[in-house]
Amino acid sequence: MANDNEAGLVAYLKANRAFMAPVVEQAVGLLGLKGRHRILDVGTGGGGGLVALARAAGAQARVLGVDRNESALALAVRHAEEEGVLGQVHTEAADLLQVAARAAGGDRFDAIWASDVIWPGNVDDPAAAVARLAGALSPGGVLALFTSNYYSSTFLPGHARLERQLMTASELDWDIPADGSHHYARHVHWMTAAGLRDVRLDVLPRTAFPADADPAVRPYLENAVWPQLLAGARARGKEAGMTEEDIARAEALLTPGHPEYVADEPGYYMIHPTLLVTGRR
């Protein structure tokens, strides 16, 4: 079972990295990394941000990729090697708050990138985590919070009610607050509360139409999105207002090869309105 879980994690990380690559590169390009030497990638995952940061900053920069999962770090290292930037990066299995506390003691970073990591599923107090990251910046350093904005995405166009139920069930399954100071959508609030200057919000949409025109789309849906939505429906669907018929309908729409598979519908499209929030110390 452990090997199955690890294989599933690797498939998820690879699919997510490939799908998000265009907007991650675009987002990193907005940070103005040329001339910055010490860069931190917290929650590096499969290494998509790690590679983009190294390329954008240039050969003089060194990027530290931090993740609590050693399998993810191994995948990130392989990706950096394949993309020719291994000499610029190193990795560490550690908690982001520990790394931030150590940096705040004197060896601060010129830039910190956090992609889909500052949210209540990962940290107990997101606002406090952002403040800790801000404290790990050098004067003039930039903090970038990137989020796929998953729960504001369109995955099932034309199935609005069912999509809302599936999203709610997934939020319940992840024990995500419905609102309040810890809600995942409050990145701008956390940056402002941390006292950062020049806080900025950019919306960088990742769209897909037609689905088969982009080879990253189906692997992302089938290894990342559908498994999470279906897991939420099975575990918490009834609490989200789903009937047995709704759950069966979701199974049909989200099962590749089923006659009703949503990604095979003529006109199928998908929209991820990803967000980039930046601020400077």
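Check the entry above for the structure.
Every chain begins its residue count from 1, and numbering advances along the sequence as written. Selection of residues for local features in this predicted model requires a pLDDT of at least 70, selection of side-chain atom pairs for listing and counting requires 80 or more, and totals for whole chains, interfaces and linings are taken over all residues. To obtain the side-chain values, all non-hydrogen atoms of the structure were included, while hydrogens and water were left out.

(A) Region of the structure containing the overall build of the protein. Secondary structure elements are defined from DSSP: runs of H or I of at least 4 residues count as helices, runs of E of at least 2 residues count as strands, and each element is numbered from the N terminus. Within the protein, the secondary structure is distributed over nine helices and seven strands. Taking 281 residues into account, the globule formula puts the C-alpha radius of gyration at 19 Å, and the protein, at 19 Å, falls close to it. Counting every position in the protein, which comprises 281 residues, the buried fraction comes to 49%. In what follows, residue pairs with any heavy atoms lying within 4.5 Å of each other are defined as contacts. Of the contacts formed within the protein by residues at least 6 apart in sequence, a portion of 78% connects residues at least 24 apart. If you sum the accessible surface of the protein, you get close to 12,600 Å²; carbon and sulfur atoms cover 51% of it. Separation between the mean location of the 25 positive side-chain charges and that of the 34 negative ones in the protein comes to 8 Å. We compute the radius of gyration from the C-alpha atoms alone; for a globule the expected value is 2.2 Å times N to the 0.38, where N is the number of residues. Note on exposure labels: buried denotes an accessible area under 20% of the residue type's maximum, exposed denotes more than 50%, and partly exposed covers the range between, all computed with a 1.4 Å probe on protein chains only. The accessible surface values rely on the Shrake-Rupley method and a 1.4 Å probe; as for residues, cover is taken only from the protein chains in view. When charges are counted, neither His nor the chain ends are considered; positive counts come from Lys and Arg and negative counts from Asp and Glu. Think of each charge as sitting on NZ of Lys, CZ of Arg, CG of Asp or CD of Glu.

(B) Geometry of unusual backbone geometry. Note the cis peptide between Phe-209 and Pro-210, where omega equals -15°. Here Pro-210 lies in the loop between strand S6 (197–208) and helix H8 (217–236). Residues other than glycine seldom take positive phi values, yet Asn-149 does so here, at roughly 60°. In this structure, Asn-149 sits in the loop between strand S5 (137–147) and helix H6 (160–173). When its relative accessible area of 14% is taken as the criterion, Asn-149 is described as buried. With a phi close to 50°, Asp-198 is a non-glycine residue in the positive phi region. Its place among the elements puts Asp-198 in strand S6. Given the relative accessible area of 55%, Asp-198 is considered exposed.

(C) View of the packing of aromatic side chains. Paired rings are identified among Phe, Tyr and Trp, the last through its six-membered ring, by centres lying within 6.5 Å, and are further divided according to the angle between planes into stacked (under 30 degrees), edge-to-face (over 60) and tilted (the rest). Inspection of the entire model under this criterion finds six aromatic pairs. On the numbers, 5.1 Å between centres and 80° between planes, the contact of Tyr-150 with Tyr-151 is edge-to-face. Assigned by exposure class, Tyr-150 and Tyr-151 land together as buried. Between Tyr-150 and Phe-155, the ring centres sit 5.3 Å apart and the planes meet at 55°, which makes this aromatic pair tilted. Of the residues examined, Phe-155 reaches a relative accessible area of 0% and is grouped as buried. Above the ring of Phe-109, the side-chain terminus of Arg-38 is found at 4.3 Å from the ring centroid. Over the ring of Phe-19 we find Arg-206, and its NZ or CZ is 4.1 Å from the ring centre. Either the NZ atom of lysine or the CZ atom of arginine qualifies as a charge over a ring when it sits within 6 Å of the ring centre and within 35 degrees of the ring normal.

(D) Local environment of the pattern of salt bridges. By definition here, a salt bridge exists when the distance from a side-chain nitrogen of Lys or Arg to a carboxyl oxygen of Asp or Glu is within 4 Å. Enumeration over the complete set of coordinates arrives at 14 salt bridges. Salt-bridge contacts for Asp-95 lead to Arg-68; the nearest nitrogen and oxygen are separated by 3.5 Å. Of this pair, Asp-95 sits in the loop between strand S3 (89–93) and helix H4 (96–104) while Arg-68 sits in the loop between strand S2 (62–67) and helix H3 (70–82), placing them 27 residues apart in sequence. Given a relative accessible area of 53%, Arg-68 falls into the exposed group. The residue Glu-251 makes a salt bridge to Arg-234 at a minimum N-O spacing of 2.8 Å. Linking Glu-251 in helix H9 (residues 244–253) with Arg-234 in helix H8, this pair joins segments that are 17 residues apart in sequence. When its relative accessible area of 23% is taken as the criterion, Glu-251 is described as partly exposed. In this structure, a network of salt bridges that share partners links the residues Asp-212, Arg-218 and Asp-264.

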